[in-house]
Amino acid sequence: MKKKILSLGLIWVFLLLPLYGCNQNSTHGEFSAWDPPVQGLKWGMSQEKAIEVLKCEDSCEIVEQNGFNLLTVTGNYPSAYGVDFEVMALQFMTDNSGIEEYEGLFTFSGTCKEEDVEALQTKLNETYADFRKTDDFSNTQRWESPAIKDLDNAQEIENALAEKLGDSSEMQQFQMVAMGAPMVNYQLFLEGETRGMFQANAKYQVLYNAVKP
């Protein structure tokens, strides 16, 4: 396992990642629809646990940056969508920003082979038909889970957030965004150098997990 300093290019890629919704089962074992797509990974899990799940102690690299770590892995990892990811990048929050347990795995990126891109797109469209945000002609396909405000316990979560964040205008703005944004956001790139790259951002799912009673 190697550690590196994060390059400006990598910082930019992961800053551009878009900021639970329903439970569904896929044909790839037990799989909650808005979990990371590789079996055993869970949003909010620690970097150490992810390395254990992926069995990549000797084949991964860790890039350390203020507030987060980036774990990159190469190999063949079966996904819940019937295709393998050859290159994966997992991002972990290491600074909880004052909210206890608001840390751990919050973004996932995996790239499949060129010949598997169409199958991956088809499976994503089937699995998340009700959550699709783009049409067939978009170069980047997107799917978004419900927001915290759409959940049955939304008011309970909002109260818990308010208690933890305080009453500053900045924190109230953050709470408004957190309540209204998708808890998980998926993207699939269909053109250029990033063709076949699947990205997931679960920043607000991890927040929900941290504050729910």
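About the criteria used
Residues numbered from 1 in each chain as written. Predicted model: local features only at pLDDT ≥ 70, side-chain atom pairs only at ≥ 80, totals over all residues. Heavy atoms only, no water. Patch = residues over 30% accessible without salt bridge, like charges linked within 9 Å, V, L, I, M, F, W, Y side chains within 5 Å. Areas by Shrake-Rupley, 256 points an atom, 1.4 Å probe, with all protein chains shown as cover. Salt bridge = Lys/Arg side-chain N within 4 Å of Asp/Glu carboxyl O. Lys, Arg positive; Asp, Glu negative; His and termini not counted. Charge placed at Lys NZ, Arg CZ, Asp CG, Glu CD. Helix = DSSP H or I, 4+ residues; strand = E, 2+ residues; numbered from the N terminus. Expected span 1.5 Å × (residues − 1). Buried < 20%, exposed > 50% of the residue type's maximum accessible area, 1.4 Å probe, protein only. Arc of directions from axis to C-beta. Contact = heavy atoms within 4.5 Å. Phe/Tyr/Trp six-rings, centres within 6.5 Å; stacked < 30°, edge-to-face > 60°. Polar contact = N/O pair within 3.5 Å; in protein donor to acceptor, adjacent residues only side chain to side chain. Core = buried A, V, L, I, M, F, W, Y, C linked by side-chain atoms within 4.5 Å.

Asker: Explain a negative patch on the surface to me, and be specific about the residues and the numbers.
Answerer: Judged by side-chain charge, Asp-95, Glu-100, Glu-101 and Glu-103 come together as a negatively charged surface patch. With respect to the helices and strands, the residue Glu-103 is situated in the loop between strand E4 (84-93) and strand E5 (104-111).

Asker: Can you explain helix H4 (residues 154-165)? Please cite residues and give values.
Answerer: Turn by turn, an α-helix covers 3.6 residues, leaving residues three or four places apart pointing in a common direction. With 12 residues, H4 extends 16 Å from end C-alpha to end C-alpha; this agrees with the ideal 16 Å at 1.5 Å per step. Burial in H4 covers these residues: Ala-154, Ile-157, Ala-160, Leu-161 and Leu-165. End-on, the buried residues of H4 take up no more than an arc of 130°, which puts them together on one face. Looking at the buried positions of H4, the neighbouring elements they touch are helix H5 (169-180) and helix H6 (203-211).

Asker: Before we move on, can you summarise helix H3 (residues 117-127) with the specific residues and values?
Answerer: Among all positions in H3, only Val-117, Leu-120, Gln-121, Leu-124, Asn-125 and Thr-127 are buried. One face of H3 carries all of its buried residues, which in axial projection span an arc of 165°. H3 presents Glu-118 and Glu-126 as exposed residues on the side facing more than 90 degrees away from its buried surface. In this fold, the buried residues of H3 make contact with E4, strand E6 (140-144), strand E7 (185-189) and strand E8 (197-201).

Asker: Outline the pattern of salt bridges, supporting the account with residue identities and numerical values.
Answerer: According to the stated counting rule, one finds six salt bridges in the structure shown. Here Lys-49 makes a salt bridge to Glu-52, at a shortest N to O gap of 3.5 Å. A residue pair is termed a helical-turn pair when its members lie 3 or 4 positions apart in one helix, as Lys-49 and Glu-52 do in helix H2 (residues 47-54) at three residues. Exposure remark for Lys-49: the relative accessible area of 39% places this residue in the partly exposed category. Its salt-bridge partner being Lys-149, residue Asp-150 comes within 3.2 Å of it at the nearest N-O pair.

Asker: If you had to explain the packing of aromatic side chains to someone new, which residues and values would you point to?
Answerer: What the rule picks out here adds up to 10 aromatic pairs. With 6.3 Å between their ring centres and 70° between their planes, Tyr-81 and Tyr-128 make a pair best called edge-to-face. Linking Tyr-81 in the loop between strand E3 (68-78) and E4 with Tyr-128 in the loop between H3 and E6, this pair joins segments that are 47 residues apart in sequence. Overall, Tyr-81 belongs to the buried group, its relative accessible area being 4%. Judged by relative accessible area, which is 0%, Tyr-128 ranks as buried. A network of ring pairs unites the aromatic residues Trp-34, Tyr-81, Phe-85, Phe-108, Tyr-128, Phe-131, Tyr-186 and Phe-198 as a single cluster.

Asker: If you had to explain unusual backbone geometry to someone new, which residues and values would you point to?
Answerer: Phi at Lys-55 is positive, roughly 55°, even though this residue is not glycine. Counting through the fold element by element, Lys-55 comes out in the loop between H2 and strand E2 (60-65). A positive phi is found at Glu-101, a non-glycine position, where the angle reads about 75°. Taking the relative accessible area as the measure of exposure, Glu-101 reaches 53% and is therefore exposed.

Asker: Break down the side chain of Gln-175 for me, citing the residues and quoting the values.
Answerer: With respect to the helices and strands, the residue Gln-175 is situated in helix H5. You can call Gln-175 buried: its relative accessible area is 11%. Among the polar contacts made by the side chain of Gln-175, one reaches the main-chain amide nitrogen of Ala-162 at a distance of 3.4 Å.

Asker: Quick rundown of the environment of Gly-98? Include the residues and the values.
Answerer: Position of Gly-98 among the secondary structure elements: in the loop between E4 and E5. The spacing of Gly-98 and Lys-164 is 66 residues in sequence and 8.2 Å in space, taken between C-alpha atoms.

Asker: Lay out the nonpolar core with the relevant residues and their values.
Answerer: Membership of the largest hydrophobic core comes to 58 residues, with the highest contact counts inside it found for Leu-90, Phe-108 and Phe-198. Here this core takes six residues from H6, the largest share from any one element. Discounting residues that sit within four places of it in the chain, Leu-90 has contacts with Leu-41, Ala-50, Leu-54, Asn-69, Leu-70, Leu-71, Leu-105, Thr-107 and Phe-108.

Interpretation in functional terms is not warranted from these geometric data alone.
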